[in-house]
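So the chains spell out like this:
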Amino acid sequence: MKEMLTQAMALARSLGADFADVRLKDIRIEGLRMEAGVLVAATTTRSCGYGVRVYAGGAMGFAAGSELDKLEDTVRAAFDIARASLSLMNAPAVLDEKTAAQAEYQTPVQVDPFAVPFTEKLALLELCHHCMHGVWEGHAFAAPVRFKTMGNLEARSDEVFFADTDGSYIVQKFVQNTGNIAATCISDADAQTRKYINVVRGGWEAITAMDLPQIAHKLAQEAAVIIEAEDCPSGEFDVILTPRQMFLQIHESVGHPTELDRVLGSEAAFAGRSFISTDDYPGGFKYGSELVNIVADAHCPGGLGTFAYDDEGVPAQNVPLITKGQFVGFQTSRAFSRPVGINSGGAGLSDGWRNLPIVRMTNINMLPGDQTMDELIAGIEYGFIFDENKSWSIDDLRINFQFACEIAHEIKDGKRTGRVFKNPIYSGKTTEFWASCDGVGNADTWELVGVPNCGKGQPMQMMRVSHGSSPSRFRNVKVGVQDVR
């Protein structure tokens, strides 16, 4: 493989390329899905191919293929596209400098998930199904209720080979596992679901650590309660978001707006831009309260955005985005860093082998604070704990947002009352919301949540990212769909 990719890069040089790189990716996925205790899907897929990027005269060309014996033809095609693009070029494309690397990296794995017997995986999903039904059989419902269960397990491996004309040759292998279960109660008037999904880089031990049967039991209990619960009150309340909701709050209102390609406008036609301006850097502006500290950390153990090198051969980094509430940094790649005078933060990533690297999140994590969950709750006279996202909406500048969650736990006089509500919805403006954060859970409460389906780009690229956070408290949050201001 090294000889083949190195020869391809030598060909690019001989054609007249100023720079070229190639990414070969071999992706394998195995999954099974159970619904209502019945296996409905068992799949194995494999995708292998390469993408070649060539820069010549200030223009870039890209081509991809899946036949290894045609790699050199693909290099020539990418070079021809770059040359043809010169006639339409508004300004030369410039990559920032990097050091050539020779390296190997592999996700730490204790148990190969592809070696775990199918019967063992199936038995785990069957146990989750029986745990949920066991709860419902012992619950006294006020009216007839029907039930649905779902369980899904998926293992994925990505073997990635990278070479460039600078002399880099990098081999990386990533392994991730998905655990996904859901409990749904359906009455004549309503349907309510409690779900759990997490995706972790690691072996089968990552699934074992989730303790899915125990989670299934809890989800079924809560689904049984919220199907008969009242809707969450509307008004302005103090709210604690669990990490199962914080992950999406971080993703949509911090992760995407700090991507430099959005700020510069390359996403404007499809997924929107950002309220942040290049004038905000360096120096930044007030993004949130002093308790808000958020980083793009490609070193985080278990994270889907964890690697040794990105798809441009740039080393993994930990890039501060917000420090003590102050905006301090962008997520960027080699192609987008020059306009603001910085170097790539190692965020040039591609979905599979058919697509170009674009600016993508790594692990966007909020650093823990110093409070226990009990202390966060004790600081609320009346409010709620919101858990697990149900739906979301945010405008194309990432300013105004609205999120719906699955369940709200009532807090009164600094304690949980045990009462829950269904259909909680909250909304706000990004910087105002983060400015209202006055409590962050400690390291013992911090949790990493994987997101397997972040879409961006044209053509669409679906990427996998992770977000770590602790439960966090926000003051005077607008709850419900009724305007109370």
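In case you missed it, the structure is sitting above this.
Reading the values: rules and limits
- Residues numbered from 1 in each chain as written.
- Predicted model: local features only at pLDDT ≥ 70, side-chain atom pairs only at ≥ 80, totals over all residues.
- Heavy atoms only, no water.
- Helix = DSSP H or I, 4+ residues; strand = E, 2+ residues; numbered from the N terminus.
- Rg over C-alpha atoms; globule rule 2.2 N^0.38 Å.
- Buried < 20%, exposed > 50% of the residue type's maximum accessible area, 1.4 Å probe, protein only.
- Contact = heavy atoms within 4.5 Å.
- Areas by Shrake-Rupley, 256 points an atom, 1.4 Å probe, with all protein chains shown as cover.
- Lys, Arg positive; Asp, Glu negative; His and termini not counted.
- Charge placed at Lys NZ, Arg CZ, Asp CG, Glu CD.
- Salt bridge = Lys/Arg side-chain N within 4 Å of Asp/Glu carboxyl O.
- Axes fitted to C-alpha atoms, helices over the stretch in contact; angles between N-to-C directions.
- Parallel < 35°, antiparallel > 145°, perpendicular 65-115°, else oblique.
- Left-handed = near helix turned anticlockwise from the far one by under 90°.
- Nonpolar A, V, L, I, M, F, W, Y, C, P; charged D, E, K, R; others polar.
- Phe/Tyr/Trp six-rings, centres within 6.5 Å; stacked < 30°, edge-to-face > 60°.
- Lys NZ or Arg CZ within 6 Å of the ring centre and 35° of its normal.
- Pairing = 2+ DSSP bridges.
- Expected span 1.5 Å × (residues − 1).

Participant: Give me the overall build of the chain: which residues, what numbers.
Facilitator: Helix and strand counts for the chain come out as 9 helices and 22 strands. Taken over the C-alpha trace, the chain has a radius of gyration of 24 Å; the compact-globule value for 485 residues is 23 Å, and the two agree within 12%. Dimensions of the chain along its principal axes, counting C-alpha atoms only, are 75 × 55 × 35 Å. The buried share among the 485 residues of the chain stands at 58%. By sequence separation, contacts in the chain at least 24 residues apart represent 74% of the contacts at least 6 residues apart. About 19,800 Å² of surface is accessible on the chain, with carbon and sulfur atoms providing 51% of the total. Here the chain contributes 44 positive and 61 negative side-chain charges, whose respective centroids are spaced 2 Å apart.

Participant: Talk me through the pattern of salt bridges; I want residue IDs and the actual numbers.
Facilitator: On inspection of all chains with the given rule, the structure shows 28 salt bridges. Among the salt bridges present, the one from Lys25 reaches Asp311, with a minimum N-O distance of 2.8 Å. Linking Lys25 in strand S1 (residues 19-35) with Asp311 in the loop between strand S9 (294-297) and strand S10 (318-323), this pair joins segments that are 286 residues apart in sequence. You'll find Lys25 and Asp311 in the same group, each marked buried. Where Asp190 meets Lys422, a salt bridge forms, and the shortest distance between an N and an O atom there is 2.7 Å. In this pair, Asp190 is assigned in the loop between strand S6 (169-186) and strand S7 (191-201) and Lys422 in strand S17 (residues 415-422), connecting sequence segments 232 residues apart. Residue classification places Lys422 among the buried positions, given a relative accessible area of 11%. Each of the salt bridges in this network shares a partner with another, and the network as a whole consists of Arg194, Lys195, Glu222, Asp387 and Glu406.

Participant: Just give me the short version of the packing of helix H3 (residues 118-137) against helix H5 (residues 212-226), but keep the residues and values in it.
Facilitator: Packing of H3 against H5 leaves a shortest axis separation of 8 Å and a crossing angle of 30 degrees. By the angle class used here, H3 and H5 are roughly parallel. Viewed along their axes, H3 and H5 form a crossing whose handedness is right-handed. From H3, Leu124, Leu127, Cys128, Cys131, Met132, Val135 and Trp136 reach across to H5, where they touch Leu212, Pro213, Ala216, His217, Ala220, Gln221 and Ala224. Each residue belonging to the contact of H3 with H5 can be placed in one class, and the counts come to 12 nonpolar, 2 polar and no charged.

Participant: So, the packing of aromatic side chains: which residues are in play, and what are the values?
Facilitator: Summed over the entire model, instances satisfying the criterion amount to 24 aromatic pairs. Grouped by ring-pair contacts, the aromatic residues Phe237, Tyr382, Phe384, Phe386, Phe401, Phe403, Phe421, Tyr426, Phe433, Trp434 and Phe474 constitute a single cluster. Across from the ring centre of Phe19, 5.0 Å away, lies the NZ or CZ of Arg334, which sits over that ring.

Participant: Describe in detail the side chain of Glu406, supporting the description with residues and values.
Facilitator: Looking at the element boundaries, Glu406 is found in strand S16 (residues 400-412). Among all residues touching Glu406, those that are not within four sequence positions of it are Gln192, Thr193, Arg194, Lys195, Ile226, Asp387, Glu388, Asn389, Lys390, Lys422, Asn423 and Pro424.

Participant: Describe the packing of helix H1 (residues 2-15) against helix H2 (residues 71-85), listing the residues and the values that go with them.
Facilitator: Two quantities define a packed helix pair, namely the angle between the helix axes and the distance between the axes. Remark: H1 packs on H2, axes separated minimally by 10 Å, with the N-to-C direction vectors making an angle of 35 degrees. Once H1 is placed against H2, the crossing between them reads as right-handed. Here H1 contributes Met4, Leu5, Ala8, Leu11, Ala12 and Leu15 to the contact with H2, which in turn contributes Leu71, Glu72, Val75, Arg76 and Phe79. Looking at the contact of H1 with H2 residue by residue, the classes come out as 9 nonpolar, no polar and 2 charged.

Participant: Pulling in residues and values, what's your account of the sheet that holds S9?
Facilitator: An order of S11-S10-S9-S14 is seen for the 4 strands of this open sheet, with the pairing classed as antiparallel. The sheet is open, and its two borders are formed by strand S11 (326-327) and strand S14 (364-366), each paired with just one other strand. Across 3 bridges, the pairing between S9 and S14 is antiparallel. Its bridge partner being in S14, Val295 is matched across the sheet by Asn365.

Participant: For H1, give the residues involved together with the corresponding values.
Facilitator: Look at H1: 20 Å from first C-alpha to last across 14 residues, which is about the 20 Å you get at 1.5 Å a residue. Just past H1, the residue Gly16 takes up positive phi, approximately 115 degrees.

Participant: Tell me about the pairing of S10, and name the residues and values.
Facilitator: Of the strand pairs in this sheet, S9 and S10 are connected by 4 bridges, and their pairing is antiparallel. Across the sheet, residue Val295 finds its bridge partner in S10, namely Pro320. Pairing between S10 and S11: 2 bridges, direction antiparallel. Pairing of Ile322 across the sheet is with Phe327, part of S11. Count of turn residues in the S10/S11 antiparallel hairpin: 2 residues, of which Lys324 carries a positive phi of about 50 degrees.

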